[in-house]
Amino acid sequence: MARSASAQAIYGLNGNYLGYSQTSPSGVTNIYNATGQNMQSFQTDNGQTNFYSPQGNYQGSSTTPVYAAPNSSINAPRQAPQTPSVKGW
C-alpha cells in the first residue's frame, strides 16, 4: 500500500494560525511556521523518535511516542456533568 504525504494546520490557543506540519511518505515530519520556514523535523522508527534542525543536524532522540496534535479546537468548553435521570416515574 502506497503512503502519501499529509499536512495539518497548527493553531494557537487564541485560534491564530501558527503554521503546519507535513509528513512525507518516508515518515519524516517537518514543522513549518506561519511564513513557511522549516522549524523542526522528526522521524519515528521502531518506537524511537529522532529530532533534526532545519539544516538537517541531528538534535537528539526520544523513545516516548511523539504524536502530531490533531487539528481541533484546544479551548472547546467542556460539558458540565449532567444529573442522572430516572425514567418511568
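Structure: see above.
The structure presented is a predicted model; accordingly, all values stated were derived computationally and were not measured.

1. Overview of the pairing of strand β5 (residues 48-52)
Every other side chain in a regular strand lies on the same face of the sheet, so the side chains alternate between the two faces. Bridge analysis of strand β4 (residues 38-45) against β5 gives five bridges, and the strand direction is antiparallel. Paired with D45 across the bridge in β5 is Q48. Hairpin connection, β4 to β5: the antiparallel pair is bridged by two residues, and N46 has positive phi, about 55°. In sequence, β5 turns back onto strand β6 (residues 58-62) through a hairpin of five residues, with G56 there showing a positive phi of about 95°.

2. Describing the sheet that holds β6
Pairing in this open sheet of six strands is antiparallel, and the strands run β1-β2-β3-β4-β5-β6 from one edge to the other. Only two strands of the sheet have a single neighbouring strand rather than two, namely β1 (6-11) and β6. In this sheet, neighbouring strand axes are inclined to one another by 20° on average, regardless of whether the strands run parallel or antiparallel. Note: strand β3 (residues 28-33) against β4, five bridges, orientation antiparallel.

3. Some remarks on the environment of T44
Relative to the helices and strands, T44 resides in strand β4. The spacing of T44 and S62 is 18 residues in sequence and 9.1 Å in space, taken between C-alpha atoms. At a separation of 2.8 Å, a polar atom in the side chain of T44 contacts the side chain of T49.

4. Things to note about the side chain of N30
Here N30 lies in strand β3. Of the polar contacts made by the side chain of N30, one reaches the side chain of N38; its length is 3.5 Å. At 2.5 Å, the side chain of N30 forms a polar contact with the side chain of S41. For N30, the contacting residues outside a window of four places in its chain are Y20, S21, Q22, N38, Q40 and S41.

Reading guide: rules and limits
Residues numbered from 1 in each chain as written. Predicted model: local features only at pLDDT ≥ 70, side-chain atom pairs only at ≥ 80, totals over all residues. Heavy atoms only, no water. Pairing = 2+ DSSP bridges. Helix = DSSP H or I, 4+ residues; strand = E, 2+ residues; numbered from the N terminus. Axes fitted to C-alpha atoms, helices over the stretch in contact; angles between N-to-C directions. Polar contact = N/O pair within 3.5 Å; in protein donor to acceptor, adjacent residues only side chain to side chain. Contact = heavy atoms within 4.5 Å.

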